[in-house]
Amino acid sequence: SKQFSVNIKERIGLRLRELRTAKGLSQEKFSFKCDLDRTYIASIERGKRNVSIVNIEKIAKALDMSVLDFFNSPLFQ
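Colleague: An account of a positive patch on the surface is needed here, citing residue identities and associated values.
Modeller: Together, Lys9, Arg38, Arg46, Lys48 and Arg49 give the surface a local cluster of positive charge. Relative to the assigned elements, Arg46 resides in the loop between α3 (38-45) and α4 (53-62).

Structure representation (structure tokens):
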């Protein structure tokens, strides 16, 4: 299936975009909520960043979910 051709950075980016847009948040509003730069959020969503676990936790909190919930997706099966 498709997910095996997509690296982990790209899968994290896809998951972040899916969850952020489901909440109706722009990259700008979301970046403010998790105290990370908008360009950094954009580069995560494009699969260009190796995101630290500290920032994964900030992102999950800003999405009102646990890190476990963030990764609870077929993207990470």
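Colleague: Pulling in residues and values, what's your account of the packing of aromatic side chains?
Modeller: This structure, assessed with the given rule, holds 3 aromatic pairs. With centroids separated by 5.1 Å and ring planes inclined at 80 degrees, the aromatic side chains of Phe70 and Phe71 adopt a geometry described as edge-to-face. When its relative accessible area of 27% is taken as the criterion, Phe71 is described as partly exposed. Summarising the aromatic geometry, the rings of Phe70 and Phe76 are spaced 6.5 Å apart at their centres and angled 35 degrees between planes, so their arrangement reads as tilted.

Colleague: Talk me through the environment of Tyr40; I want residue IDs and the actual numbers.
Modeller: Here Tyr40 lies in helix α3. Look at Tyr40 and you get buried, because its relative accessible area is 13%. A polar contact of 3.0 Å, which involves the side chain of Tyr40, links it to the side chain of Asn55.

Colleague: Lay out the pattern of salt bridges in plain terms, naming residues and giving numbers.
Modeller: On inspection of all chains with the given rule, the structure shows 5 salt bridges. The shortest N-O distance in the salt bridge between Asp64 and Lys23 comes to 3.7 Å. Here Asp64, found in the loop between α4 and α5 (67-71), pairs with Lys23, found in the loop between α1 (8-22) and α2 (27-34); they are 41 residues apart in sequence, far enough to count as distant. Linked through salt bridges whose partners overlap, the residues forming this network are Arg17, Arg20 and Glu45.

Each value, and the rule that gives it
Residues numbered from 1 in each chain as written. Predicted model: local features only at pLDDT ≥ 70, side-chain atom pairs only at ≥ 80, totals over all residues. Heavy atoms only, no water. Patch = residues over 30% accessible without salt bridge, like charges linked within 9 Å, V, L, I, M, F, W, Y side chains within 5 Å. Areas by Shrake-Rupley, 256 points an atom, 1.4 Å probe, with all protein chains shown as cover. Salt bridge = Lys/Arg side-chain N within 4 Å of Asp/Glu carboxyl O. Lys, Arg positive; Asp, Glu negative; His and termini not counted. Charge placed at Lys NZ, Arg CZ, Asp CG, Glu CD. Helix = DSSP H or I, 4+ residues; strand = E, 2+ residues; numbered from the N terminus. Phe/Tyr/Trp six-rings, centres within 6.5 Å; stacked < 30°, edge-to-face > 60°. Buried < 20%, exposed > 50% of the residue type's maximum accessible area, 1.4 Å probe, protein only. Polar contact = N/O pair within 3.5 Å; in protein donor to acceptor, adjacent residues only side chain to side chain.

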